[in-house]
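Inside the fold
Okay, here's what each chain looks like letter by letter:
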Number of protein chains: 2
Amino acid sequence: MARMKTVKSPWAGRDRNAEREEKREAVLHAAAEAFAERGYHRTSLDDIAARLGITKPTLYYYARNKDDLVSAVATRALDRILEAIEGDRESTALAQLQHLLRHYAEVMATDFGRCIIVVLDAHIGGPGGDLMQRGMRQIDARMRELLALGTEDGSIARGDPKLTAFMIAGALNGIARWFDEGGALSAAMVAEKFVNQLTAGLAPRR
Amino acid sequence: MARMKTVKSPWAGRDRNAEREEKREAVLHAAAEAFAERGYHRTSLDDIAARLGITKPTLYYYARNKDDLVSAVATRALDRILEAIEGDRESTALAQLQHLLRHYAEVMATDFGRCIIVVLDAHIGGPGGDLMQRGMRQIDARMRELLALGTEDGSIARGDPKLTAFMIAGALNGIARWFDEGGALSAAMVAEKFVNQLTAGLAPRR
DNA sequence: ACATGGAGTTACTAGTGAGTAACATGAAGT
DNA sequence: ACTTCATGTTACTCACTAGTAACTCCATGT
C-alpha cells in the first residue's frame, strides 16, 4: 500500500488525514470489542490501548475520553438501526415492523450493537449518552406506532403497544448477551427466527 | 412486635439472634435497592451504608464482602423463580411454561430480581456467581424442555427450543430495565400480559 | 462493681484507573 | 541544517473505593 499521491493538495495532506481516519477506525473497533466482551467498568483504557499495541495517552489523541469512545461506538450501531426505521409505505404495518426488527436484531449481534446496551446500563451521560437515549426512544416510539397502525390495517393483533414494544425490545436486546460470532447461527438467521417467533407466538395456529 | 420471650434458653439469646437476622435483612434490602438502581460498579459500599445510616465497616459485620452481598440478594430472587420450575404434572407443557414465565416475570419486576441481571453482567465470580450461572442454566434448560414437550403434546407450535428460550428470557429480563414500582401496571399485570403476548404472537389469529 | 463480648466507629492501607504534563522522535517543508 | 507539527511515550497526579486495624461504647450476666 504505497502512497500513490502525485498532486499534493496544498491543504490537508490527503494521506495524513486518511491514515488518521483509519486509525480512529481501528480505535473504535478495538473499543467496541473490549466494551462488548467486558462491559463498561471492567474495560480500562489501558486494555483498549493494549489491544492496539499502543499506550493510553495515544488513545486520547483519537478520542476525547472514555465516555466519548463508548458513545461513538454505540451511536454508530444506533444509526444502523435508525436506517431501518422508515419502512416501505406500501407494505402492511406488520411487514414494516418486521423489517425494523430484523435490522435491530442483526445490529445487536455485533460488537458495536452490544455497546448500545453497555452505554444504556452504565448510565453514560453527556451528549453521547443523551443521544443514545433519544435514539432508543425514537425506536421505541416507532415500534409503538407501527403496532398501533397494525391493529388498524389488520396485520397485527390487538394488544398494548407499550408493553408489546418493551417485550420486543427486551427479546432483541437479549441477543447481545448470548450471541456468539463463531456459533452455528449467523446474525441474519437469528434475526429471521426471532422475527418469525415473535410474529407467530408460542401457541400453535390451527 | 414486642419481645414476648419469657423462657430465656441458656444458649443463644433468641432476641439477639432475631435482631441480628432482622438487620441482615435490612442490609440485603438496602443493597438490593442500591444495586438495582445503580448497577454493580456504580454502587459503593458507602452508598449502601449511607442508606442504612451506618458506616461501611458495619456492613462488613453483616456481609463478607461486596460480591457476597450482591450474590446473596440475587440468589434469593433466583430461588423464587426456581420454586416455579416444577409445574403441575397434569397440565399441558404450555400451561406449565406459562406458570414458570409468570413467576419469572414477577420476580424481574422486583429490586431483588433486577440484581440477577446485575450479577450476571458484572461477571461476579466466586461461589455466589457460580451459583447464579448454574441457576440460570437450570431455568433455561427447563424452558427448553417444556418447549420440546409442548411440541409433542401439541400445546406449543414447532420451533427452535434454544432460540425460543433465549427470546423469552430476553423479553423477561428486559422487565428489570424499565419496570417502575410506582407505575400504573402492577408486576402481576405485566407478567400476565407478557405471557399472553408471547403465547399469542403479533399476527392476528383468524 | 466488673468482666465479656456484640456492635459500631474513626482512621487508615492499598490498589486501580481516568486523565495530563512534559518530553522524544521523525517526517515534511523551507 | 532548521523549524514545525503530527504522533507517541514515560511518568506522573488525583480521586475513588474495597477492605482492615484498632479503638469505643454499651448491654448483659455474674
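The numbering scheme is per chain: residues are counted from 1 as the chain's sequence reads. Each chain takes a letter, starting from A, and each ligand takes a number, starting from 1, following the order in which they are written. Local features in this predicted model are restricted to residues of pLDDT 70 or higher, and side-chain atom pairs are both shown and tallied only at a pLDDT of 80 or more, whereas totals for entire chains, interfaces and linings draw on every residue. Side-chain measures were taken over the full set of non-hydrogen atoms in the model, leaving aside hydrogen atoms and water.

Regarding the confidence of the model for chain A
Per-residue pLDDT for chain A has a mean of 92; in total, 92% of the residues score no lower than 70. Low pLDDT, under 50, characterises residues 1–13 of chain A; the stretch is placed with five contacts to residues that sit more than four places away or in other chains. Within a predicted model, pLDDT stands for the predictor's per-residue confidence, ranging from 0 to 100. Residues are treated as being in contact if the distance between any of their heavy atoms lies within 4.5 Å.

Overview of the interface of chain A and chain B
Facing 40 residues of chain A, the contacting portion of chain B comprises 40 residues. Defined here as a combined quantity, buried area equals the accessible surface (1.4 Å probe) lost by two parts on assembly, summed across both. Between chain A and chain B the total buried area reaches about 3700 Å² when both faces are included, carbon and sulfur atoms providing 64% of it. Three residues stand out in chain A for area buried against chain B, namely Met167, Arg177 and Leu202 of chain A, and they jointly supply 21% of the buried area on that side. Each reported salt bridge corresponds to a side-chain nitrogen of Lys or Arg within 4 Å of a carboxyl oxygen of Asp or Glu. Applying the counting rule to chain A against chain B returns four salt bridges. Residue Arg177 of chain B pairs with Asp121 of chain A through a salt bridge whose shortest N-O separation is 2.8 Å. Under this definition, polar contacts are N or O atom pairs within 3.5 Å; protein pairs additionally need one hydrogen-donor-capable and one acceptor-capable atom, and for neighbouring residues in sequence, both atoms have to be side-chain atoms. Scanning the region where chain A abuts chain B turns up 18 residue pairs in polar contact (both at pLDDT 80 or more).

Digging into the side chain of Lys66 of chain A
Residues and elements named next belong to chain A. Where helices and strands are cited, they refer to DSSP runs of H or I of at least four residues and of E of at least two residues respectively, numbered from the N terminus. Its place among the elements puts Lys66 in helix H4 (residues 66–82). Categorising residues by exposure relies on relative accessible area from a 1.4 Å probe, with only protein chains included: less than 20% of the type maximum marks a residue as buried, more than 50% marks it as exposed, and the intermediate range marks it as partly exposed. We count Lys and Arg on the positive side and Asp and Glu on the negative side, and we leave His and both chain ends out. It is Asp67 that comes nearest to the buried, bridge-free Lys66 among opposite-charge side chains, at 6.9 Å. Within the structure, the side chain of Lys66 is placed 2.9 Å from the backbone oxygen of Thr43, a separation counted as a polar contact. Every residue in contact with Lys66, bar those within four places of it in the chain, is listed here: Phe35, Tyr40, His41, Thr43 and Leu45.

Quick word on helix H2 (residues 45–52) of chain A
All names here are of chain A. Within H2, the full set of buried residues consists of Leu45, Ile48 and Ala49. Projected down its long axis, H2 carries its buried residues within an arc of 100°, all on one side. Backbone geometry just after H2 places Gly53 at a positive phi near 70°. Read the arc as the range of directions from the helix axis to the C-beta atoms.

Overview of the packing of aromatic side chains
By convention here, two paired aromatic rings are described through the distance between centres and the angle between planes. Working definition: rings of Phe, Tyr and Trp (its six-membered ring) pair if their centres are within 6.5 Å, and the pair is stacked with planes under 30 degrees apart, edge-to-face with planes over 60 apart, and tilted otherwise. If you walk through the whole model with that rule in mind, you get ten aromatic pairs over all chains. Geometrically, the ring pair formed by Phe166 of chain A and Trp178 of chain B is stacked, given 4.4 Å between the ring centres and 10° between the ring planes. Residue Phe166 of chain A is located in helix H8 (residues 161–178), and its partner Trp178 of chain B is located in helix H8 (residues 161–178); the two belong to separate chains. An aromatic cluster is defined as three or more aromatic residues linked by ring pairs; in this entry it consists of Phe166 of chain A together with Trp178, Phe179 and Phe194 of chain B. Only when the NZ atom of a Lys or the CZ atom of an Arg is both within 6 Å of the ring centre and within 35 degrees of the ring normal do we say a charge sits over the ring. The lysine or arginine in question, Lys66 of chain A, covers the ring of Tyr40 of chain A, its NZ or CZ lying 4.3 Å from the ring centre. A cation sits over an aromatic face here: Arg144 of chain A above Phe166 of chain A, 5.5 Å from the ring centre.

Here's the deal with the pattern of salt bridges
Residue and element names in this part refer to chain A. In this structure the tally under the stated criterion is 26 salt bridges over all chains. Residue Asp111 pairs with Arg114 through a salt bridge whose shortest N-O separation is 3.7 Å. Here Asp111 and its partner Arg114 are both found in helix H6 (residues 111–121), three residues apart, which amounts to about one turn of the helix. On the accessibility criterion, Asp111 (24% relative accessible area) is partly exposed. Of the residues examined, Arg114 reaches a relative accessible area of 12% and is grouped as buried. Taken together, the salt bridges that share partners define one network made up of Glu33, Glu37 and Arg51.

Some details on the relation of the copies chain A and chain B
In screw terms, the move from chain A to chain B is a rotation of 180° and a rise of 0.0 Å along the axis, fitting with an RMSD of 0.0 Å. Both copies of the chain, as the preceding transformation shows, are related through a two-fold rotation axis. Taking C-alpha positions as reference, the residue of chain A nearest the rotation axis is Gly201 of chain A, located at 1.7 Å. Counting the interface residues of chain A, we find that 100% of their copies in chain B are interface residues as well, pointing to one common contact surface. Copies are brought into register by a least-squares superposition over C-alpha atoms of residues with pLDDT of at least 70 in both.

Notes on the domain arrangement of chain A
All names here are of chain A. Domains assigned within chain A are domain 1 (11–65) and domain 2 (68–200). Taking only C-alpha atoms into account, the centre of domain 1 sits 27 Å from that of domain 2. At the interface, 18 residues of domain 1 touch 13 residues of domain 2. Between domain 1 and domain 2 lies a buried interface of about 1300 Å² when both sides are counted; carbon and sulfur atoms form 72% of it. Considering only the surface of domain 1 that becomes buried against domain 2, Leu28, Phe35 and Tyr40 emerge as the three largest contributors, covering 36% of it. Joining domain 1 to domain 2, the criterion identifies two salt bridges. A salt bridge links Asp68 to Arg64; its shortest N-O distance comes to 3.5 Å. It is helix H1 (residues 14–38) that contributes the most residues to the side of domain 1 that touches domain 2, ten residues altogether. In this classification, the charged set is Asp, Glu, Lys and Arg, the nonpolar set is Ala, Val, Leu, Ile, Met, Phe, Trp, Tyr, Cys and Pro, and all remaining amino acids, among them Gly, are polar. Tallied by class, the residues present in the side of domain 1 that touches domain 2 amount to ten nonpolar, four polar and four charged. In this document the domain limits rely on a domain assignment from an automatic tool or a database.

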